[in-house]
Amino acid sequence: MDTIRLAQLLFPDVTETPEQVEARYPARQLPEGAKVTRMAPSPTGFMHLGNLFGAVVDERLAHQSGGIFYLRIEDTDKKREVEGGVQLILDTFRKFGLPFDEGATIDGDNGDYGPYRQSKRAAIYHIFVKQLVERGYAYPCFCTEEELAEMRAEQEKNKENFGYYGKYAKYRDCPLEEIERRIAAGESYVIRFRSMGSIENKIKHTDLVKGTLELTENDQDIVLLKSDGIPTYHFAHIVDDHLMGTTHVVRGEEWLATLPVHLQLFDVMGWKRPKYVHTAQLMKMDGGSKRKLSKRKDPELALSYYYEMGIPVPAVIEYIMTLLNSNFEEWRRANPDQSINDFPFSPKKMSVSGSLFDMEKLSDVCKQVISRMSAEEVYGYVSDWAAQYDPEFAALFTRDPEMTKKFLAIGRGGKKPRKDIEIWSTVKQYMDFMFDELFQPDYSGMPERVSTEDAKAILNEYADIFDPADEMTVWFDKVKQLAAEHGFAPETKLYKKNPEDYKGPVGDISMVLRVAVCGRTNAPDLYSVMQLLGTEKIRERLARCAQAL
Ligand code: GLU
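For clarity, every value in this text was computed on a predicted model and none was experimentally measured.

### Notes on the sheet that holds strand 13 (residues 289-292)
Here's step 1: With mixed pairing, the 3 strands of this open sheet are ordered in space as 13-12-14. Every interior strand has two partners, whereas the edge strands, strand 13 and strand 14 (355-356), have only one.
Here's step 2: Two strands pair when backbone bridges link them, and strand 12 (residues 282-286) and strand 14 are joined in this way by 2 bridges, in the parallel orientation. Bridging from a neighbouring strand, Leu282 pairs with Ser355 of strand 14.

In structure tokens:
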């Protein structure tokens, strides 16, 4: 077979050589050991946890080693592509704070190794396929859908492996004259790879997560270019990863099945294989058994769920890190204030089987992470979230930024910060009493030991003695005094010692005040809250409560 003539017949317009292309993608000048990783999503309009899971690994591997993390859009499957898909990818990673060093932008590219959209790289793939044809490693196949279906039926009947291989590779040795005739007649064709592999052979591969695996060699003549000239994922990604200098391919373990094809392609092209990090499936517990997260059943699989619900981005990332590296939690306990980027991430510590994604655990992480944020940070996150998802609350929340920040600062800092905010969407309930517009008091929590008569008297008397200028100790002394005057123990100790001497402990009195001022039994430090609300509001609320009892 004159493969040079065949290549010319199939690619008459390709004049550039692989060497010329290679020259446009020089080796990257990076420090020793620097890793180059990529996020390579398809613009299907659905961004899921698996994407973020992989992206965190990519980002850490690259940035921890002084390397490059880039974004490539894998848009070769037009059937799965949706309008706005690229925008969604960019928005999602921006929201999750994953910084790409280079890659696709909304209307172009940022970086020297582009284009970063596969749809803009057709000419490049053709140059390399043409070379494979010349070398006898690729050929056109004219099989129709019907022929392929028949082949499958026969394989099923004979209990043989499915696919296009060996004796089933109908056009593998098609004479050049026949190819010329079919092309001249306008027949549609794909370009297939000519596999020299055999399923009798095993190949060894060491995955950075899965360890050393024994895989069956590929014997399938897989499609390299579809009939419209667009490459398959198999071919496109190896060309791109080679030219763009990817050192580590991080992707879901569903790609392990076709890894032998990819390794074979790298070898035939004479290119260095990248290292692979195949990440385990994300699972969840459902009725006592583990199952894969599902797009249909589990809203938490979609990344949009997190920002819509107001789940803090740093907490999601932090939680993902606990799933990715088994030693992360221990590290975090020892280093509560350190940046997550200081953690020495290692693919060796990644789970080989599925990772269990647990929303309750995530909630815990959220509380921890938020409790470590400054009031300023919380303010920023909540105002951003509310501006988009709860504009009415956003208006109140940002009306007096200083007051809001001071409120958020209550119980923050120190060794044991309060952990009462879990997601941004609940901040409204958490601080509704700080805004008259939202204040809807529930007085049912008045302590039982305080009679209505006492409660009314306490509220009325307190209105006269409250002074926002009081220091905390003075403020509390006044509460104690009020307690004593009404037959309550001014110190909890005293009450504990001789409960029969008192109606109740001083805590009952602060509870009466808390219920009146905050409209509930559970609220952050009452002294600080009263300081922020000011005399007028306090008096108004005390009176309102006294009247309602
Ligand atoms: N485009 C593939 C996907 O959407 C990417 C796989 C890879 O990272 O190589 O899953």
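Now that the structure is up, let's keep going.
### A closer look at the site of the ligand
Here's step 1: The environment of the ligand is formed by Arg38, Ala40, Ser42, Glu74, Tyr233, Val250, Arg251 and Trp255.
Here's step 2: Residue Glu74 places a side-chain N or O atom 2.7 Å away from a nitrogen atom belonging to the ligand.
Here's step 3: With respect to the ligand, the side chain of Tyr233 contributes an N or O atom lying 2.3 Å from an oxygen atom.
Here's step 4: Compared with its free state, where it exposes 300 Å², the ligand has 82% of that area covered by protein.
Here's step 5: Classifying every residue of the shell around the ligand by side-chain character gives 4 nonpolar, 1 polar and 3 charged.

### Re the side chain of Gln155
Here's step 1: Inspection of the secondary structure puts Gln155 in helix 6 (residues 145-157).
Here's step 2: With a relative accessible area of 0%, Gln155 lands in the buried category.
Here's step 3: Aside from chain neighbours lying at most four places away, what touches Gln155 is Glu160, Asn161, Phe162, Gly163, Tyr165 and Tyr168.

### Examining helix 4 (residues 85-95)
Here's step 1: Every buried residue belonging to helix 4 is among Gly85, Val86, Ile89, Thr92 and Phe93, and all of these are buried. Looking straight down helix 4, one finds that the buried residues subtend no more than 130° of arc, so they occupy a single side.
Here's step 2: Among the structural elements, strand 1 (36-39), helix 3 (49-64), strand 2 (68-71) and helix 10 (303-309) are those in contact with the buried residues of helix 4.
Here's step 3: Gly97 lies just past helix 4 and shows a positive phi near 65°.

### Considering the packing of aromatic side chains
Here's step 1: Within the structure shown, the criterion is met by 26 aromatic pairs.
Here's step 2: When the centroid spacing of 4.6 Å and the interplanar angle of 35° are considered together, the rings of Phe69 and Phe100 count as tilted. Taken together, the residues Phe69 in strand 2 and Phe100 in the loop between helix 4 and strand 3 (102-104) connect sequence positions 31 residues apart.
Here's step 3: For Phe69, a relative accessible area of 0% translates into the label buried.
Here's step 4: Residue placement shows Lys95 over the ring face of Tyr307; its charged tip is 4.0 Å from the ring centre.

Analysis parameters
- Residues numbered from 1 in each chain as written.
- Predicted model: local features only at pLDDT ≥ 70, side-chain atom pairs only at ≥ 80, totals over all residues.
- Heavy atoms only, no water.
- Pairing = 2+ DSSP bridges.
- Helix = DSSP H or I, 4+ residues; strand = E, 2+ residues; numbered from the N terminus.
- Near = heavy atom within 4 Å.
- Polar contact = N/O pair within 3.5 Å; in protein donor to acceptor, adjacent residues only side chain to side chain.
- Areas by Shrake-Rupley, 256 points an atom, 1.4 Å probe, with all protein chains shown as cover.
- Nonpolar A, V, L, I, M, F, W, Y, C, P; charged D, E, K, R; others polar.
- Buried < 20%, exposed > 50% of the residue type's maximum accessible area, 1.4 Å probe, protein only.
- Contact = heavy atoms within 4.5 Å.
- Arc of directions from axis to C-beta.
- Phe/Tyr/Trp six-rings, centres within 6.5 Å; stacked < 30°, edge-to-face > 60°.
- Lys NZ or Arg CZ within 6 Å of the ring centre and 35° of its normal.

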